[in-house]
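A structural walkthrough
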Amino acid sequence: SAIVYGGYDFSFVEDVSDSFICNICTKVLKSPYLTECCGQNYCKSCLEHWSTWNRQGSGEDQHFSCPHCRTKDFKHIIDKRTERLVKELQVFCLYRVKGCDWRGELGDADTHDRKCKFSLAECTNGCGKQVSRRKIEEHLTGDCPLRSYQCQFCGEEGSHRHITEEHQPSCPEFPLECPNNCGQEMKRKELAGHIDACPREKVPCPFAGDGCREMVWRSLLPMHVDTCQGKHMPEAFRMLKRDVQSIRDDTVTLREENEEMKQNIASVKDKVSQLLERVKLSEFQSCMFKQAISTELRYLCKPQDCSQLLSLECLSQQLQDGPLKLSVDGRPLVFRLSGYTQLKLKRRNWFSPSFCEHNGYR
């Protein structure tokens, strides 16, 4: 970055002596230094800049020479006498061109500058702008974008920038004019409801489905309907007739489906009835079979071979599990009942004749 150096920029009341002028920047000395080699005065910042810019050689051989007499590695000291004399010089305020009429010693200029109404001060709100001290209050309360501000429509508080740039464009209480230029004004939150009833809102023709593509003001819609209904009514009747026919076709289809469902239900009922009859018959046959088996079981096995005797409970369980299968030594038993129909009609118990198995046992 650039090095800032140089003397005072004030306007002096009287001409300044050459002895108070820096031989580098040619301005009035600021923090003057005096060289021992030739007795010349330089500003402290100017001499430091010179030593950096004019340094020659490298390593231990580095040196710089006096700006006036070119003496190498010259010595210099603070010139307090000259500094005191310079600060006693009369100067005008730096903001004289803006209207400040102050004049005084150079040594008092910094104190005056901090109080001068025409000097610049940075905004305390943090906006970054520098404003004349005499206008700082006006800036803080009237011009600063970060000043405190309240929305005059809903009362929300914030910075002026936030309220005007971010809040008010969406404030529900902000007043708006109708975008259709009907002349009415309403709050933003009421705009949608107004649009639904605005006489200048463009709405589609009721016969849009019949081919009318015009958008007309709501207030002129009745007149438009009177004008175009004669043109669109035949088409509307045709479409209505088509819709009625479609409904009739759908009704016929539904009736046919309903009749088919009724037939299916009747068929299912018949099958269920048949199944119930078969179940009842099977239950009756099972009961009769159990009684016959109970009577004849004592003949199936020898009295001493009780391990082959089948209990009624065991047979009942077999009947529940599936078809009953009786066997002796692995050979199936066959029961033959004569006169079954007559016995059944008399509602009497009956028993099969005695028989012997293949080994001769009764």
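An account of the accompanying structure is given in this report. Note that the structure is predicted; figures quoted are calculated from it, not measured.

Attention now moves to the overall build of the protein chain. What the protein chain contains, in helices and strands, is nine helices and 15 strands. Buried positions account for 25% of the 362 residues belonging to the protein chain. A sequence separation of at least 24 residues applies to 26% of the contacts in the protein chain between residues at least 6 apart. A total of about 26,000 Å² of accessible surface is found on the protein chain, and carbon and sulfur atoms cover 50% of it.

Our next topic: a positive patch on the surface. On the surface, a cluster of positive charge is contributed by Lys 98, Lys 117, Arg 134 and Lys 135. Following the sequence through the fold, Lys 135 ends up in the loop between strand S7 (130–132) and helix H4 (136–143). Owing to a relative accessible area of 39%, Lys 135 belongs among the partly exposed residues under this scheme.

Secondary-structure assignment places Arg 147 in the loop between H4 and strand S8 (148–150). No salt bridge is formed by the buried Arg 147. Its closest oppositely charged neighbour is Asp 143, at 5.8 Å. At a separation of 3.3 Å, a polar atom in the side chain of Arg 147 contacts the main-chain carbonyl oxygen of Gly 142. In this structure Arg 147 touches Asn 125, Leu 140, Thr 141, Gly 142, Gly 158, Ser 159 and His 160, once residues within four positions along its chain are discounted.

A few words now on the pattern of salt bridges. By the definition in use, this model includes five salt bridges. Salt-bridge contacts for Glu 173 lead to Lys 187; the nearest nitrogen and oxygen are separated by 3.0 Å. Separated by 14 residues along the polypeptide, Glu 173 in the loop between helix H5 (160–167) and strand S10 (175–177) and Lys 187 in strand S11 (residues 185–187) bring together distant segments of the chain. Judged by its relative accessible area of 34%, Lys 187 is partly exposed. Asp 243 is paired through a salt bridge with Arg 242; the nearest N and O atoms lie 3.9 Å apart. Owing to a relative accessible area of 45%, Arg 242 belongs among the partly exposed residues under this scheme.

This brings us to a nonpolar patch on the surface. Judged by side-chain polarity, Trp 217, Leu 220 and Met 223 come together as a nonpolar surface patch covering roughly 300 Å² of accessible area. Within the element layout of this structure, Met 223 appears in helix H7 (residues 221–296). Residue class for Met 223 comes out exposed when judged on its relative accessible area of 57%.

Before going further, it helps to spend a moment on the nonpolar core. Core analysis: the largest hydrophobic core is formed by twelve residues, namely Cys 22, Cys 25, Leu 29, Tyr 33, Tyr 42, Cys 43, Cys 46, Leu 47, Trp 50, Phe 64, Cys 66 and Phe 74. Listing elements by their share of this core, those giving two or more residues are strand S2 (41–43) and helix H1 (44–53). In terms of residues, this core owes the most to one element, H1, which gives three residues. Apart from the residues within four sequence positions on either side, Cys 43 is in contact with Gly 6, Gly 7, Cys 22, Cys 25, Val 28, Leu 29, Lys 30 and Ser 31.

A separate point is the sheet that holds strand S1 (residues 32–35). Strand order in the open sheet formed by three strands is S2-S1-S3, and the pairing between neighbours is antiparallel. Here the strands that pair on one side only, and so sit at the sheet edges, are S2 and strand S3 (76–78). Strand-to-strand twist of the sheet, defined as the mean angle between neighbouring strand axes without regard to direction, takes the value 35°. Two elements, S1 and S3, share three bridges in a ladder whose sense is antiparallel. In the sheet register, Thr 35 faces S3, and the bridge partner there is His 76. The sheet contacts of H1 involve S1, S2 and S3, and relative to S2 the element is tilted by about 90°.

Turning to the pairing of S1, a few remarks are in order. For S1 and S2, the ladder comprises three bridges, and the chain directions are antiparallel. Looking across to S2, one finds that Pro 32 is bridged to Cys 43. Following S1, the chain reverses through five residues before pairing antiparallel with S2; Gly 39 in that reversal takes a positive phi of roughly 70°.

Using the criterion set out here, one finds zero disulfides in the structure. Not engaged in a disulfide, the cysteine Cys 123 finds its nearest cysteine sulfur in Cys 127; these two sulfurs lie 3.5 Å apart.

Turning our eyes to something else, we now look at the environment of Cys 43. Following the sequence through the fold, Cys 43 ends up in strand S2. Along the backbone, Cys 43 and Tyr 33 are ten residues apart, and their C-alpha atoms lie at a distance of 6.1 Å.

With that settled, consider H4. Those residues of H4 lying buried are Ile 136, His 139 and Leu 140. For H4, the arc enclosing every buried residue in end-on projection is 95°, short of the 170-degree limit, so these residues lie on one face. Pointing more than 90 degrees away from the buried face of H4 are the exposed residues Glu 137 and Thr 141.

Phi is positive for Thr 26, which is not a glycine, with a value near 60°. Turning to its location among the elements, Thr 26 is positioned in the segment before S1. Here the phi dihedral of Arg 70 falls at roughly 70°; this positive angle occurs in a residue that is not glycine. Here Arg 70 is to be found in the loop between H1 and S3.

Here the focus is empty space enclosed by the protein. Scanning all chains against the criterion turns up one cavity of 30 Å³ or more. If you trace the largest cavity, you find it lined by Phe 10, Cys 93, Leu 94, Trp 102, Ala 109, His 112 and Asp 113. Along the lines of polarity and charge, the residues of the lining of the largest cavity split into five nonpolar, one polar and one charged.

Scoring rules and cut-offs
Residues numbered from 1 in each chain as written. Predicted model: local features only at pLDDT ≥ 70, side-chain atom pairs only at ≥ 80, totals over all residues. Heavy atoms only, no water. Helix = DSSP H or I, 4+ residues; strand = E, 2+ residues; numbered from the N terminus. Buried < 20%, exposed > 50% of the residue type's maximum accessible area, 1.4 Å probe, protein only. Contact = heavy atoms within 4.5 Å. Areas by Shrake-Rupley, 256 points an atom, 1.4 Å probe, with all protein chains shown as cover. Patch = residues over 30% accessible without salt bridge, like charges linked within 9 Å, V, L, I, M, F, W, Y side chains within 5 Å. Salt bridge = Lys/Arg side-chain N within 4 Å of Asp/Glu carboxyl O. Lys, Arg positive; Asp, Glu negative; His and termini not counted. Charge placed at Lys NZ, Arg CZ, Asp CG, Glu CD. Polar contact = N/O pair within 3.5 Å; in protein donor to acceptor, adjacent residues only side chain to side chain. Core = buried A, V, L, I, M, F, W, Y, C linked by side-chain atoms within 4.5 Å. Pairing = 2+ DSSP bridges. Axes fitted to C-alpha atoms, helices over the stretch in contact; angles between N-to-C directions. Disulfide = S-S within 2.5 Å. Arc of directions from axis to C-beta. 1 Å grid on protein atoms, 1.4 Å probe; cavity = no way out; pocket = protein on both sides within 12 Å on 5 of 7 lines; lining within 4 Å. Points joined across faces, edges and corners; volume = space filled by probe spheres on them. Nonpolar A, V, L, I, M, F, W, Y, C, P; charged D, E, K, R; others polar.

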